Amino acid sequence: MSCSSALYAANRNTQVIPAGVPTVIDFGQIVRKLGNQINMSGGNVSVLSAGYYDMDANFTLSATAGEVRIQLFQNGTPIPGAYAIVTAVADTLYSVTIPDIIKNTCCSEEVITAVATSDGEITISNAAIKVEKI
């Protein structure tokens with residue numbers, strides 16, 4: 001498969017998310033980029049042209065305990081099925097991957113964000129995302 005635009009971004013800086021507070025996860029900086037249809041803005045992904053985009057978001061995290069929820073959003077609207085739940089045990093490391101395909105119907109910018117909420121404090125040690133126009 002060939003694509004006209006692709007982006008891979010990662011943030012290996014620790015992000016601490018307080019219990020019960022929905023918080024946007026920062027995807028960091030561009031590691032690899034092809035084309036001009038996908039970019040980064042403020043730690044989020046920006047899809048800049050019409051079409052379908054294959055996406056994989058990956059998070060490495062630990063939590064004090066309880067349920068951890070991560071939801072992907074497109075322009076502030078939850079992306080159906082782009083959701084993960086982990087029932088965390090203290091002092092355990094988890095890897096969470098959320099695959100998805102999104103659609104940009106016009107020529108406007110579509111912003112992709114990830115939001116985490118948890119019963120206990122979350123520590124995210126890696127947040128990465130791959131997006132390819134298909």
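## Observations concerning the pattern of salt bridges
A side chain of one charge can pair with a side chain of the opposite charge if their charged atoms are brought near each other. Per the stated rule, a full pass over the model turns up 5 salt bridges. A salt bridge links E67 to R69, with the shortest nitrogen-to-oxygen separation between them at 3.0 Å. What makes E67 partly exposed here is its relative accessible area of 30%. Residue classification places R69 among the buried residues on the basis of a relative accessible area of 19%. The partner of D119 in a salt bridge is R69, and the shortest N-O contact between them spans 3.7 Å. Highlighted residues: D119 in the loop between β11 (110-118) and β12 (122-133) and R69 in strand β8 (residues 66-74), separated in sequence by 50 residues. One salt-bridge network, in which partners are shared between bridges, spans D54, D56, K130 and E132.

## Focus on unusual backbone geometry
Unlike most non-glycine residues, N75 shows phi in positive territory, near 55°. By secondary structure assignment, the location of N75 is in the loop between β8 and β9 (77-88). Positive phi, close to 60°, is recorded for D91, a residue that is not glycine. Along the chain, D91 turns up in the loop between β9 and β10 (94-104).

## Some points on the side chain of N11
Among the secondary structure elements, N11 is positioned in strand β1 (residues 6-11). Filtering out sequence-adjacent residues up to four positions away, N11 remains in contact with D26, F27, G28, S125, N126 and A127.

## Some thoughts on the environment of S62
Relative to the assigned elements, S62 resides in strand β7 (residues 51-63). If we skip the residues at most four places from it in the chain, S62 touches T92, L93, E121, I122 and T123.

Each value, and the rule that gives it
Residues numbered from 1 in each chain as written. Predicted model: local features only at pLDDT ≥ 70, side-chain atom pairs only at ≥ 80, totals over all residues. Heavy atoms only, no water. Salt bridge = Lys/Arg side-chain N within 4 Å of Asp/Glu carboxyl O. Buried < 20%, exposed > 50% of the residue type's maximum accessible area, 1.4 Å probe, protein only. Helix = DSSP H or I, 4+ residues; strand = E, 2+ residues; numbered from the N terminus. Contact = heavy atoms within 4.5 Å.

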